[in-house]
Amino acid sequence: MHSSSFCSFMSFVLVLWNIASIMAGLSFVGIGIYVGYIKKTTTTHLLESLGSAVGINPLIITVAMGTLIVFLSVVCLIGVIAKKKTLLQAYCYTTILIMLIQLGFCLFIYINKDALVSMVQMECQKKLLRNDNQDAYLVDEIQTGLGCCGCLGPRDYNSTFTDIPSSCVADSGDPTNTGCLTVIFEVR
């Protein structure tokens, strides 16, 4: 009798967990679609730029992950409600596989962090070299928001023979000496 009540309790917990997971997954899908396709913002352009540097658009990954979360949660929910052992096993194995993939991805990033930082630095400097209005607006927004100047500092503008933009100038009238990559990759 005791194990039956424990199984009922665990079934209840799994149902609640998967309902919450479905809502979270739908939120990922909704945010990815809204930010990526409906409301184009500075953040959207920044994410698309980062995606072009890495080769994968983070907004597409957000939508795909949300869809995967919803799918897995529905599989588990059906497995719990219908008491289908096969569906619960598929859920468990898939969840373990996803965790291993995430662990491998984190390990890959840790091992290749220097190469990734230099790739982001190259993409940042490409944006500075272009005189595209959209890129200039994006760079100005980032510099103003983060209180930084250039990729590595104001000398980036000297090397491209362009004037230091007003978004680099601090309240004192002097250019900010901190580069945006330094601010972004600073460990707090």
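Residues numbered from 1 in each chain as written. Predicted model: local features only at pLDDT ≥ 70, side-chain atom pairs only at ≥ 80, totals over all residues. Heavy atoms only, no water.

1. Digging into the overall build of the chain
Alright, step 1. When its secondary structure is counted, the chain shows eight helices and zero strands.
Alright, step 2. Looking at the 188 residues of the chain, the share that counts as buried comes to 26%.
Alright, step 3. In the structure as shown, the chain presents an accessible area of about 12700 Å², 69% of it carried by carbon and sulfur atoms. (Helix = DSSP H or I, 4+ residues; strand = E, 2+ residues; numbered from the N terminus. Buried < 20%, exposed > 50% of the residue type's maximum accessible area, 1.4 Å probe, protein only. Areas by Shrake-Rupley, 256 points an atom, 1.4 Å probe, with all protein chains shown as cover.)

2. Some words on helix α3 (residues 58–82)
Alright, step 1. End to end, α3 covers 36 Å across 25 residues, agreeing with the expected 36 Å (1.5 Å per residue, within 8%).
Alright, step 2. The complete set of buried residues in α3 reads Leu59, Gly66, Val70, Leu72, Ser73, Val75, Cys76, Leu77, Gly79 and Val80.
Alright, step 3. Just downstream of α3, lysine 83 is the residue with a positive phi angle, here 55 degrees. (Expected span 1.5 Å × (residues − 1).)

3. A look at the state of the cysteines
A covalent bond bridging the sulfur atoms of two cysteines is what the word disulfide describes.
Alright, step 1. A complete count under the given rule lists two disulfides for this structure.
Alright, step 2. For cysteine 149, the disulfide goes to cysteine 168, at an S-S distance of 2.1 Å. Between cysteine 149 and cysteine 168 the disulfide shows an S-S torsion of about 90 degrees. By sign, it is right-handed. Of this pair, cysteine 149 sits in the loop between α6 (133–146) and α7 (155–159) while cysteine 168 sits in the loop between α7 and α8 (180–184), and the two are 19 residues apart along the sequence. Neither residue differs from the other here; cysteine 149 and cysteine 168 are each classed as buried.
Alright, step 3. Of all cysteine sulfurs in the structure, the one in cysteine 92 sits closest to cysteine 76, which takes part in no disulfide; the separation is 7.1 Å. (Disulfide = S-S within 2.5 Å.)

4. Quick look at a nonpolar patch on the surface
Alright, step 1. Residues Phe6, Phe9, Met10, Phe12, Val13 and Leu16 make up a contiguous nonpolar surface patch of about 580 Å² in total accessible area.
Alright, step 2. The partly exposed category is assigned to valine 13, whose relative accessible area is 33%. (Patch = residues over 30% accessible without salt bridge, like charges linked within 9 Å, V, L, I, M, F, W, Y side chains within 5 Å. Salt bridge = Lys/Arg side-chain N within 4 Å of Asp/Glu carboxyl O.)

5. Side note on unusual backbone geometry
Alright, step 1. In this structure, lysine 83 is a non-glycine residue whose phi angle is positive, near 55 degrees.
Alright, step 2. With respect to the helices and strands, lysine 83 occurs in the loop between α3 and α4 (85–111).

6. Things to note about the side chain of asparagine 18
Alright, step 1. Inspection of the secondary structure assignment puts asparagine 18 in helix α1 (residues 2–38).
Alright, step 2. At a separation of 2.8 Å, a polar atom in the side chain of asparagine 18 contacts the main-chain carbonyl oxygen of leucine 14.
Alright, step 3. In this view, asparagine 18 contacts Ser73, Cys76, Leu77 and Tyr91; residues no more than four positions away in its chain are not counted. (Polar contact = N/O pair within 3.5 Å; in protein donor to acceptor, adjacent residues only side chain to side chain. Contact = heavy atoms within 4.5 Å.)

7. Thoughts on the nonpolar core
The nonpolar side chains of a soluble globular protein tend to be buried with one another.
Alright, step 1. Leu138, Ile142, Cys148, Cys180 and Val183 together form the largest nonpolar core, which totals five residues.
Alright, step 2. Contributions of two or more residues to this core are made by α6 and α8.
Alright, step 3. Each residue touching cysteine 148, except ones within four places of it in the same chain, is listed here: Ile142, Gln143, Ser167, Cys168, Thr176, Thr178, Gly179, Cys180 and Val183. (Core = buried A, V, L, I, M, F, W, Y, C linked by side-chain atoms within 4.5 Å.)

8. Concerning the packing of α3 against α4
Alright, step 1. One way to put it is that α3 packs onto α4 with a least axis distance of 8 Å and a crossing angle of 150 degrees. If you check the angle between α3 and α4, you find them roughly antiparallel. In the crossing of α3 with α4, the sense of the turn from one axis to the other is left-handed. Contact residues: α3 offers Leu68, Leu72, Val75, Cys76, Ile78, Gly79 and Val80, while α4 offers Leu87, Leu88, Tyr91, Thr94 and Ile98.
Alright, step 2. Counted by class, the contact of α3 with α4 contains 10 nonpolar, two polar and no charged residues. (Axes fitted to C-alpha atoms, helices over the stretch in contact; angles between N-to-C directions. Parallel < 35°, antiparallel > 145°, perpendicular 65-115°, else oblique. Left-handed = near helix turned anticlockwise from the far one by under 90°. Nonpolar A, V, L, I, M, F, W, Y, C, P; charged D, E, K, R; others polar.)

9. Structural notes on the side chain of glutamine 143
Alright, step 1. Positionally, glutamine 143 belongs in helix α6.
Alright, step 2. If near-sequence neighbours (up to four positions away) are discounted, glutamine 143 is found in contact with Cys148, Cys149, Gly150, Tyr157, Pro165, Ser167, Cys168 and Cys180.

10. Considerations on the environment of glutamate 141
Alright, step 1. Counting through the fold element by element, glutamate 141 comes out in helix α6.
Alright, step 2. Between the C-alpha atoms of glutamate 141 and serine 167, which are 26 residues apart in sequence, the distance is 7.7 Å.

11. Focus: the confidence of the model for the chain
Detailed reading of predicted coordinates is not advised where the pLDDT is low.
Alright, step 1. Across the chain, the average pLDDT comes to 80, with 81% of residues at 70 or higher.
Alright, step 2. Element-level pLDDT for the chain is lowest in helix α2 (residues 42–54), with a mean of 60, against a maximum mean of 90 in α4. (pLDDT = per-residue confidence, 0-100.)

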